[in-house]
Amino acid sequence: MPLPLSGKRILITRPVDQAEEQMQLVRELGGEPLLLPLLDIQPPDNTQALSSAAVALANHAFAVFVSPNAVQFAVPTLLAQAPWPATTTAVAVGKTTAQALRAAGIHQIICPATRFDSEGVLALPELQQVSGKRIYIFRGQDGRPTLGDTLSARGADVTYITCYKRTPPFDLAARLASLMAVNPPDAILVTSSEAARYLMTAGGDTLKKQLQSVPVATGQPRIADTLNELGAFVVVSAATDDKSLLLTLADVLKSPPSIRHITETAMSDYQSQPPTTPPAQTSSRLGDRLVDKLNPTLIVALVALGVIAWQWADNRKQLTQAQLEVGKKLAQTEAFLRESRIELDKLDRDRQNERVRLAVVESRLAEAQSQQNTLNTLYQDLSQHRDNLLLAEIEQLLMAASQQIQIASNPRAALVALEGAQSRLTGFDSLRFIPLRQALTKDIEALKALPDIDSEGMTLKLDNLLANVDSLPFVIDAKPQTKPVATPDVPAGESPWYKNMGGEIWSELKQLIRIRRIDKPDAPLLPAEQTYFIRENIKLRLIAARTALLQRDQNSFRTDLGAARLIMSNYFDRQAGEVTNAIQTLNRLSATDIHVTLPDLAQSLTALSNLKAAQNDVATTPVAGGKAQ
């Protein structure tokens, strides 16, 4: 049975350090997550207000955190001075924010149960009566004023603390355009109104029209309103958790694409009925008359006397029961004490026997511990030696791959070296090698993603041209093809003298006029020693082009090939087949795009360096407690 998002590409727009959970959910539901953060979360330009808030935190009744980013950037500073004060209650706008607060060691938290936004926080019972109370709101730069304005209207003393700022990535438009052109997503997840605006406005009107055909999913009505204003194809789920949102999105993706706006709500209507009060019962006239005749003071005295008598009888009864219970407990206690003395004597004898046995066991344990330490030391030495050999071999392969990329610009050879390093790690299951494996996998995928340029084939063609330059014919070497003049076979003495004289006159007249083409310049006449230098010049240009090919220098490569082609066109006989083939080969080579941005191997080299540093730390740590480090 296929998964709900099978075959679907879902674009995640959260910051990198907050997107892993959504990406994992997409994978679990069968989809392919694509990551393009729409916001960069950075510390504010001025942190003085945050430092002042840390000092005065205990004087505030509530501290509102509007997002996990607020927790990330504010809590370390708040807890740097002192622990979280018991008099201050932390308010989380959503469940993720509450989890971040608990992870930071704060447990005095209140959070909305259903709606996770400013309106949900304002509906909390604890924030209804806040007159005279001081409240901090930790938020991002230029946040919504709804929460603070409403609390201020309720009489609270509200102070905003800007603890982070949100800015779009500088290359957002280019990356978004590239994504939509090369690998467009089937749907997009958006978790903030700012991200929604950047998504729909970053690439201009052309990209906006393209994005308006892609479903954009959110769990917040406020974000949905922003997307609707921008003309997006909005998918709204009443459930605010990511999994429910993705399941709702999966249902939408199965529906016809003509549906423009889809809103799924899961709400129940509750109607409150006005309370009904039973009708008042009237007393009878007889009761009214009796009450009027009785003395109220007498009634109160009689009632009080009855209550006192009942309490005295009840207390006496309870005292008697307590005396009986105490007697029983004392008898049980004496019996228990006698049994305890007998058990203590028995335990004392057993303790003496156990001391003897323990002394024997300790002596044997000390001997076994010594042997274990010796074995652990030997095992650690052998393991470190094997790991050191493995790391040295992988380091050589990585250095070779790096040299192939940086010096020879040969991604194929670098890929072979990286795959060799990865295969060497296959037989090692230690968790310490996982970061290195992950870094190698990323670098291998980056190299495989490069366009395939047949450098070897192009180099071979250039070498063949170099070898054939000396055999190419010059234009001045070409011999014009002349048609033989057909002369009639006239026997001697048969042609009249006047015809012979007329033929000679006509032949002389034809020599006076010659017709030739002037749209092309005449082939230059070169002395023999100059032809050698022309051939050598072409060879130098071809050698320079081959060097530029190895260096992936597109401009130099095409310039040198163009110069060689121009020389061949001007000085060599283009009617010759070998010259024509050479010029065509130069044209094809010049049209080939050889510029490729090669990735570096910084991740793999850094992971290897960290692993070697950890290995050295383990080597210098002594074996403790009889366990190998």
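We now turn to the structure provided with this report.

Rules used throughout
Residues numbered from 1 in each chain as written. Predicted model: local features only at pLDDT ≥ 70, side-chain atom pairs only at ≥ 80, totals over all residues. Heavy atoms only, no water. Buried < 20%, exposed > 50% of the residue type's maximum accessible area, 1.4 Å probe, protein only. Helix = DSSP H or I, 4+ residues; strand = E, 2+ residues; numbered from the N terminus. Arc of directions from axis to C-beta. Contact = heavy atoms within 4.5 Å. Pairing = 2+ DSSP bridges. Polar contact = N/O pair within 3.5 Å; in protein donor to acceptor, adjacent residues only side chain to side chain. Phe/Tyr/Trp six-rings, centres within 6.5 Å; stacked < 30°, edge-to-face > 60°. Lys NZ or Arg CZ within 6 Å of the ring centre and 35° of its normal. Expected span 1.5 Å × (residues − 1). Salt bridge = Lys/Arg side-chain N within 4 Å of Asp/Glu carboxyl O. Axes fitted to C-alpha atoms, helices over the stretch in contact; angles between N-to-C directions. Parallel < 35°, antiparallel > 145°, perpendicular 65-115°, else oblique. Left-handed = near helix turned anticlockwise from the far one by under 90°. Nonpolar A, V, L, I, M, F, W, Y, C, P; charged D, E, K, R; others polar. Patch = residues over 30% accessible without salt bridge, like charges linked within 9 Å, V, L, I, M, F, W, Y side chains within 5 Å. Areas by Shrake-Rupley, 256 points an atom, 1.4 Å probe, with all protein chains shown as cover.

Before going further, it helps to spend a moment on helix α6 (residues 146-153). For α6, every residue scored as buried is listed here: Leu147, Gly148 and Leu151. Along the long axis of α6, the arc covered by the buried residues comes to 95°, so they all point the same way. The inward-facing, buried residues of α6 contact β4 (62-65), α5 (118-122), β7 (134-140) and β8 (157-167). The first or second residue beyond α6 is glycine 155, which carries a positive phi of 100°.

Looking now at the sheet that holds strand β6 (residues 109-110). Taken in spatial order, the six strands of this open sheet run β3-β8-β7-β4-β5-β6, and their pairing is mixed. Each having just a single partner strand, β3 (40-42) and β6 make up the two edges of the open sheet. Where strand β5 (residues 89-92) meets β6, two bridges bridge the pair, whose relative direction is parallel. Of the residues in β6, the one forming a bridge with alanine 90 is isoleucine 109.

On to the side chain of threonine 88, then. In this fold, threonine 88 is placed in the loop between α3 (68-81) and β5. Among the residues examined, threonine 88 registers a relative accessible area of 0% and is labelled buried. Within the structure, the side chain of threonine 88 is placed 2.8 Å from the backbone oxygen of histidine 60, a separation counted as a polar contact. Apart from the residues lying within four places of it in its own chain, the contact partners of threonine 88 are Leu57, Ala58, His60, Ala61, Phe62, Ala63 and Gln108.

Moving on: the packing of aromatic side chains. According to the stated counting rule, one finds six aromatic pairs in the structure shown. By way of ring pairs, the aromatic residues Phe65, Trp84, Tyr136 and Phe138 are connected into one cluster. Over the face of the ring belonging to tyrosine 160 we find arginine 139, whose NZ or CZ atom lies 3.8 Å from the ring centre.

Right, let's get into helix α15 (residues 434-448). An ideal rise of 1.5 Å per residue puts 21 Å on 15 residues; α15 measures up with 21 Å between its terminal C-alpha atoms. All buried positions along α15 are accounted for by Leu436, Ala439, Leu440, Asp443, Ile444 and Leu447. Buried positions in α15, seen along its axis, are confined to an arc of 135° and lie on one side of it. Opposite the buried face of α15, by more than 90 degrees, sit the exposed residues Lys442, Glu445 and Lys448.

Once that is clear, we can look at the pattern of salt bridges. Per the stated rule, a full pass over the model turns up 15 salt bridges. Linking glutamate 20 and arginine 27 is a salt bridge whose minimum nitrogen-to-oxygen distance equals 3.7 Å. Relative accessible area serves as the criterion here: at 46%, glutamate 20 is assigned to the partly exposed category. Judged by relative accessible area, arginine 27 falls into the partly exposed class, the value being 38%. Of the charged contacts in the structure, one is a salt bridge between glutamate 395 and lysine 612, with a shortest N-O distance of 3.0 Å. In this pair, glutamate 395 is assigned in helix α13 (residues 296-406) and lysine 612 in helix α21 (residues 602-620), connecting sequence segments 217 residues apart. Each member of the salt-bridge network shares a partner with another, and the members are Asp470, Glu536 and Lys539.

The contact between helix α14 (residues 411-424) and α15 brings their axes to 10 Å, and the two run at 155°. Classed by the angle they form, the pair α14 and α15 counts as roughly antiparallel. As for how α14 packs across α15, the hand of that crossing is left-handed. Of α15, the residues touching α14 (which contributes Pro411, Ala414, Leu415, Leu418, Glu419, Ala421 and Gln422) are Leu440, Thr441, Asp443, Ile444, Leu447 and Lys448. Among the residues forming the contact of α14 with α15, the class breakdown is eight nonpolar, two polar and three charged.

Where nonpolar side chains cluster on the molecular surface, the patch consists of Trp497, Tyr498, Met501, Ile505, Trp506, Leu509 and Leu512 and spans about 880 Å² of accessible area. Note on placement: methionine 501 falls in helix α17 (residues 497-512). You can call methionine 501 partly exposed: its relative accessible area is 42%.

On to the pairing of β7, then. Across the seven residues that make up β7, a large majority, six, are buried. Two elements, β4 and β7, share four bridges in a ladder whose sense is parallel. Paired with alanine 63 across the strands is tyrosine 136, a residue of β7. Note: β7 against β8, seven bridges, orientation parallel. Within the sheet, the bridge partner assigned to isoleucine 137 lies in β8 and is tyrosine 160.

Closest axis-to-axis distance for the α3/helix α4 (residues 95-103) pair is 8 Å, and the angle between their directions is 25°. Considering the angle they form, α3 stands roughly parallel to α4. Where α3 crosses over α4, the two elements pack in a sense that is right-handed. Contacts between α3 and α4 involve Pro68, Val71 and Val75 on the former and, on the latter, Thr96, Thr97, Ala100 and Leu101. A class-by-class count of the residues in the contact of α3 with α4 yields five nonpolar, two polar and no charged.

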